[in-house]
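Below, each chain spelled out in residue letters.
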Amino acid sequence: VTGVQTCALPIFLSATLFIVAVVAASTALHERLLGLFGLLQPMIDRHPIAGPLLFVGLATLSAMVVFFSSVVLVPIGVAAWGTAGCLALLWTGWLIGGIVTYTVGRTLGRRFVERIVPPEKLAEYERRIPAGRSFWTALVIQMALQSDVAGYLFGIIGFPAPTYLAALITSELIVALGTVFAGEAFLSGRWTVLLGLAAIAAGGMLWRRRRAARP
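These figures come from a predicted structure and were not determined experimentally.

S.K.: Can you break down the overall build of the chain residue by residue, with the values?
M.R.: On a plain count of helices and strands, the chain comes out with nine helices and zero strands. Along the chain, helices (α) and strands (β) appear in the sequence α-α-α-α-α-α-α-α-α when read from the amino end. Each of the 215 residues in the chain was classed as buried or not, and the buried ones make up 39%. Of the contacts formed within the chain by residues at least 6 apart in sequence, a portion of 81% connects residues at least 24 apart. For the chain, the exposed area adds up to about 11100 Å²; of that, 70% sits on carbon and sulfur atoms.

S.K.: Let's hear about the confidence of the model for the chain: which residues, and what values?
M.R.: Keep in mind that low pLDDT regions are not for reading the predicted coordinates in detail. For the chain, the average pLDDT comes to 79, and 81% of its residues sit at 70 or higher. When the elements of the chain are averaged for pLDDT, helix H9 (residues 191-213) gives the smallest value, 67, and helix H4 (residues 74-113) the largest, 92. Across residues 1-8 the pLDDT falls below 50, and counting only partners more than four positions away or on other chains, this stretch makes 24 contacts in the model.

S.K.: Any details on helix H7 (residues 147-156)? Residues and values, ideally.
M.R.: Taken across its ten residues, H7 has nine buried, putting it largely inside the fold. Within H7, the full set of buried residues consists of Asp148, Val149, Ala150, Gly151, Tyr152, Leu153, Phe154, Gly155 and Ile156. In the stretch just after H7, Gly158 is the one whose phi turns positive, near 70°.

S.K.: Report on the layout of surface pockets, specifying residues and quantitative values.
M.R.: Its volume calculated, the second largest pocket comes out at about 280 Å³. Taken together, 13 residues line the second largest pocket, and the ones lying closest to its centre are Ile44, Gly51, Leu54, Ile76 and Trp81. Mapped by element, the contributors of at least two residues to the lining of the second largest pocket are helix H2 (27-46), helix H3 (50-62) and H4. With five residues, the top contributor of residues to the lining of the second largest pocket is H3. When the residues that make up the lining of the second largest pocket are grouped by side-chain class, the tally is ten nonpolar, three polar and no charged.

Criteria and thresholds
- Residues numbered from 1 in each chain as written.
- Predicted model: local features only at pLDDT ≥ 70, side-chain atom pairs only at ≥ 80, totals over all residues.
- Heavy atoms only, no water.
- Helix = DSSP H or I, 4+ residues; strand = E, 2+ residues; numbered from the N terminus.
- Buried < 20%, exposed > 50% of the residue type's maximum accessible area, 1.4 Å probe, protein only.
- Contact = heavy atoms within 4.5 Å.
- Areas by Shrake-Rupley, 256 points an atom, 1.4 Å probe, with all protein chains shown as cover.
- pLDDT = per-residue confidence, 0-100.
- 1 Å grid on protein atoms, 1.4 Å probe; cavity = no way out; pocket = protein on both sides within 12 Å on 5 of 7 lines; lining within 4 Å.
- Points joined across faces, edges and corners; volume = space filled by probe spheres on them.
- Nonpolar A, V, L, I, M, F, W, Y, C, P; charged D, E, K, R; others polar.

Spelled out as structure tokens, the structure:
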């Protein structure tokens with residue numbers, strides 16, 4: 001998607017992964033956080049239904065609003081429900097959030113969405129979306145834009161719901177797999193893996209900036 005300005009997301013992701021890698025590399029900090037997760041475990045065990053529902057709810061919220069990210073909760077989810085369980089809960093929450101944002105954009109329109117998403121950001125992303133409405137177009141856009149913007153935007157422009165849903169399912173699964181993998185790497189103290197992921201995110205940021213600079 002030529003010219004999509006999505007630098008903020010890769011910068012945030014790269015910086016977050018770098019900080020997490022530093023924490024994982026510090027034995028003292030890493031052990032303290034693992035101890036905190038251990039303290040939370042009995043509480044989660046006492047609420048086998050409410051705990052997962054809360055996690056899904058927070059994941060849903062992170063896919064709908066700009067100021068909150070569920071990424072920081074992933075290590076807790078991996079520790080509590082394992083890699084597969086955390087993946088399923090995170091993916092479910094993000095799918096619900098994507099469906100809700102699309103529905104809001106489709107039914108309530110631009111004026112309402114501009115109360116949630118800055119109008120200038122919404123207009124900038126919309127100008128740079130290509131005319132095609134294929135699955136692959138939707139997938140690339142979904143992967144490139146912030147999830148808390150993409151759903152609203154797809155709804156506003158009236159993108160076909162089945163195509164959007166297919167792209168949403170695919171893209172969120174890819175991102176959830178990477179996120180849970182990073183969370184598992186943090187728990188196991190594999191800070192070199194996290195540094196590698198941070199480097200990949202930084203490389204993606206530079207690539208996107210170069211594409212955005214092209215006429």
